[in-house]
Amino acid sequence: MPVPVDIAPARGKLGVLLVGLGAVSTTTIAGVLAIRKGFAKPIGSLTQMGTVRLGKRTEGRSPKISDIVPLASLDDLVFGAWDIFEDDSYAAARTAGVIEPSLLDKVRPELEQIRPWPAVFDQRYVKRLEGPNVKKGANKKVLADALGDDIRRFKQEHNLDRLVMVWCGSTEVFMIESAAHHTVESFERALEANDPAIPSSMVYAYAAIREGIPYANAAPNLSADIPALVELAARTKTPLAGKDLKTGQTLLKTILAPGLKARLLGVDGWYSTNILGNRDGEVLDDPESFKTKEESKKSVLDYILQPQLYPDLYGHLCHVVRINYYPPRGDNKEGWDNIDLVGWLGYPMQIKVNFLCRDSILAAPIVLDVALFLDLAKRANMHGIQEWLSFYFKSPIHAPGLYPEHDLFIQLMKLKNTLRYLKGEELITHLGREYYD
Ligand SMILES: NC(=O)c1ccc[n+]([C@@H]2O[C@H](COP(=O)([O-])OP(=O)(O)OC[C@H]3O[C@@H](n4cnc5c(N)ncnc54)[C@H](O)[C@@H]3O)[C@@H](O)[C@H]2O)c1
């Protein structure tokens, strides 16, 4: 019989440190405040609405996830944020334009209290942005220490018990792993030497992981996904998750592609295009930031369809992803997909998807779930890369030598089995022979 994992209780307050106070962050914060007051429902959040089946199908046991594992309550969350703009979270939410003013006004006093601390920012990594609320420091190590001071002050002022950090900042330019990223020592030397190989997101990740604060990356840039920071996380027993929230078009791709592959339907082409008018869209209009996003969005199909195993079906797949910055749409993205399918005897078919989505409305419940699950992981003494949270990400971070699991349904099974494991319940394999023996 499996035994439950020892999990420390979710006692006291949980500080949620958000890097970037833009559309995703403000939609998360305002959403949590509105839900707390009963103005809205936490739709899209597994931690708030999800259930998990325990035992056999005949047992009728499907408790809420929040009833089987000790998660921080929404009432115990306290938000803090950094941004290069000085707007408080009410003003930032108005700029983002995701949540309607009538709902924002109901939580306005609480939103106005969240004023961003000066950011660690360098335009070298996000070309399209410039703002006044930026820290100065002799080198990146000094800047990381300044972030540490913000975190300590926040913890003290709000009498917080625990913390998590989520990078909800803009997508940085495309970078690949380099020598500075190899070990904790080379990384710390590079911080002191102001090495350009260390973008701002790594400075934040370092500041969190050094203190054992769980860290997630909602954007596609490398951030904590380098050997030095994974090694530091092992030393400080810090859980990590990332990268790039799986919302919108990629969410649909990871729902549709496993279905097509399950029926062994071939795919010759998958053309995806988007129009997006928020600040994220503006940042992604820069080719270097777009490259980071493109890599993240494109990897999904290769891993799901496995062309190396099915060369006749997917060996010639042409996969194109475009994002066009189109201001009139704001956060209300529109995505079009054209899928060129191949069926029995090679007969062609097509699927057209037109998704009128709201990016940050899809992203906010993920930020909430990831923050609560990372806090759970920390209290359950699970550290390093949390593969069970790959459910939430476009480019799940994974151990070297492994390929990432992109299929949403396998990811969900992994997540729920992790919860069963924590609870000391039998894992569900879906073999099901026992019902017929
Ligand atoms: N909206 C979605 O559904 C979604 C999905 C997946 C990934 N993402 C990613 O999440 C991130 C946030 O998205 P968004 O729509 O909120 O964008 P946004 O532009 O509205 O917000 C990002 C904020 O980060 C701030 N920022 C940038 N660099 C910073 C730094 N170094 N320190 C502190 N603040 C910094 C910017 O000033 C801005 O206010 C983006 O990288 C985006 O690609 C968003």
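Provided above is the structure to which this section pertains.
Keep in mind it's a predicted model, so treat the numbers as computed, not measured. (Residues numbered from 1 in each chain as written. Predicted model: local features only at pLDDT ≥ 70, side-chain atom pairs only at ≥ 80, totals over all residues. Heavy atoms only, no water.)

**Concerning the site of the ligand**
For the ligand, the set of nearby residues contains 32 residues, the closest of which are Ala23, Val24, Asp83, Val120 and Gly169. One of the backbone N or O atoms of Val24 is found 2.8 Å from an oxygen atom in the ligand. Within the side chain of Asp280, a nitrogen or oxygen atom sits 3.0 Å from an oxygen atom of the ligand. With the chains in place, 99% of the 830 Å² that the ligand exposes on its own is no longer accessible. (Near = heavy atom within 4 Å. Polar contact = N/O pair within 3.5 Å; in protein donor to acceptor, adjacent residues only side chain to side chain. Areas by Shrake-Rupley, 256 points an atom, 1.4 Å probe, with all protein chains shown as cover.)

**Considerations on helix 1 (residues 23-36)**
With 14 residues, helix 1 extends 20 Å from end C-alpha to end C-alpha; this agrees with the ideal 20 Å at 1.5 Å per step. For helix 1, a buried count of ten out of 14 residues is recorded, marking the element as mostly surrounded by other parts of the structure. All of the buried residues along helix 1 are Ser25, Thr26, Thr27, Thr28, Ile29, Ala30, Gly31, Val32, Leu33 and Ala34. Two residues or fewer past helix 1, Gly38 is found with a positive phi of approximately 80°. (Helix = DSSP H or I, 4+ residues; strand = E, 2+ residues; numbered from the N terminus. Expected span 1.5 Å × (residues − 1). Buried < 20%, exposed > 50% of the residue type's maximum accessible area, 1.4 Å probe, protein only.)

**A short note on the packing of aromatic side chains**
Inspection of the entire model under this criterion finds nine aromatic pairs. Ring centres 4.9 Å apart and planes at 70° place the aromatic pair Trp82 and Trp117 in the edge-to-face group. Here Trp117 lies in strand 3 (residues 117-118) and Trp82 lies in strand 2 (residues 77-83), a separation of 35 residues in the sequence. Both residues of the pair, Trp82 and Trp117, belong to the buried class. Taking 5.6 Å as the distance between ring centres and 65° as the angle between the ring planes, the aromatic pair formed by Trp167 and Tyr204 counts as edge-to-face. Taken together, the residues Trp167 in strand 4 (residues 160-167) and Tyr204 in helix 9 (residues 200-210) connect sequence positions 37 residues apart. Assigned by exposure class, Trp167 and Tyr204 land together as buried. Within the aromatic cluster, the residues linked to one another by ring pairs are Trp82, Trp117, Phe154, Trp167 and Tyr204. Across from the ring centre of Phe39, 4.9 Å away, lies the NZ or CZ of Lys106, which sits over that ring. Looking at Lys291, its charged tip hangs above the ring of Phe174, at a distance of 4.7 Å from the centre. (Phe/Tyr/Trp six-rings, centres within 6.5 Å; stacked < 30°, edge-to-face > 60°. Lys NZ or Arg CZ within 6 Å of the ring centre and 35° of its normal.)

**Concerning the pairing of strand 10 (residues 348-356)**
Two strands pair when backbone bridges link them, and strand 9 (residues 334-342) and strand 10 are joined in this way by nine bridges, in the antiparallel orientation. Residue pairing across strands places Asp340 opposite Gln350, the latter belonging to strand 10. The hairpin turn running from strand 9 into strand 10, its antiparallel successor, is five residues long, and Leu345 in that turn takes a positive phi close to 65°. (Pairing = 2+ DSSP bridges.)

**Structural notes on unusual backbone geometry**
Excluding glycine, most residues fall at negative phi; most peptide bonds, likewise, are trans. With an omega of -15°, the peptide bond between Gly242 and Lys243 qualifies as cis. Even without being a glycine, Asp244 presents a positive backbone phi close to 70°. Along the chain, the position of Asp244 falls in the loop between strand 6 (239-241) and helix 11 (248-262). Despite not being glycine, Asn381 has its phi angle at roughly 60°, a positive value. Of note, Asn381 is situated in the loop between helix 15 (359-379) and strand 11 (384-385).

**Observations regarding the packing of helix 1 against helix 15**
For the pair helix 1 and helix 15, the least separation of the axes is 8 Å and the interaxial angle reads 70°. Considered as vectors, helix 1 and helix 15 are oriented roughly perpendicular to each other. Every pair of crossing elements has a handedness; the one defined by helix 1 and helix 15 is right-handed. From helix 1, Ala23, Val24, Thr27, Thr28 and Val32 reach across to helix 15, where they touch Ser360, Ile361, Ala363, Ala364, Val367 and Leu368. (Axes fitted to C-alpha atoms, helices over the stretch in contact; angles between N-to-C directions. Parallel < 35°, antiparallel > 145°, perpendicular 65-115°, else oblique. Left-handed = near helix turned anticlockwise from the far one by under 90°. Contact = heavy atoms within 4.5 Å.)

**Notes on the sheet that holds strand 1 (residues 13-19)**
Pairing in this open sheet of seven strands is parallel, and the strands run 3-2-1-4-5-6-11 from one edge to the other. Since the sheet does not close on itself, it has two edges, and those belong to strand 3 and strand 11, each with one partner. With six bridges joining them, strand 1 and strand 2 adopt parallel strand pairing. When the sheet's bridge partners are listed, Leu14 is paired in strand 2 with Leu77. Relative to strand 4, helix 7 (residues 140-157) is tilted by about 140°, and along the sheet it contacts strand 1, strand 2, strand 3 and strand 4.

**Remarks on the nonpolar core**
By size, the foremost hydrophobic cluster in this structure holds 60 residues, and its most contacted members are Leu18, Leu77, Phe373, Leu376, Trp388, Tyr392 and Leu419. Taken together, the elements giving at least two residues each to this core come down to strand 1, helix 1, helix 3 (65-68), strand 2, helix 4 (89-96), strand 4, helix 15 and helix 16 (408-423). No other element matches helix 15, which puts eleven residues into this core. Setting aside chain neighbours within four positions, we find Phe373 in contact with Thr47, Ile65, Leu71, Trp388, Leu389, Tyr392, Leu415 and Leu419. Judged by nonpolar contacts, the second largest core, of 50 residues, contains Val120, Ile151, Ala197 and Ile213. (Core = buried A, V, L, I, M, F, W, Y, C linked by side-chain atoms within 4.5 Å.)

**Side note on the pattern of salt bridges**
It is possible for side chains of opposite charge to pair when their charged atoms get near one another. This model, assessed by the stated rule, comprises 25 salt bridges. Salt-bridge contacts for Lys394 lead to Asp244; the nearest nitrogen and oxygen are separated by 3.4 Å. Pair noted here: Lys394 is in the loop between strand 11 and helix 16 and Asp244 is in the loop between strand 6 and helix 11, with a separation of 150 residues, a long-range link. Each member of the pair, Lys394 as well as Asp244, carries the same accessibility label: buried. The structure contains a network of salt bridges with shared partners spanning Asp161, Arg162, Asp375 and Arg379. (Salt bridge = Lys/Arg side-chain N within 4 Å of Asp/Glu carboxyl O.)

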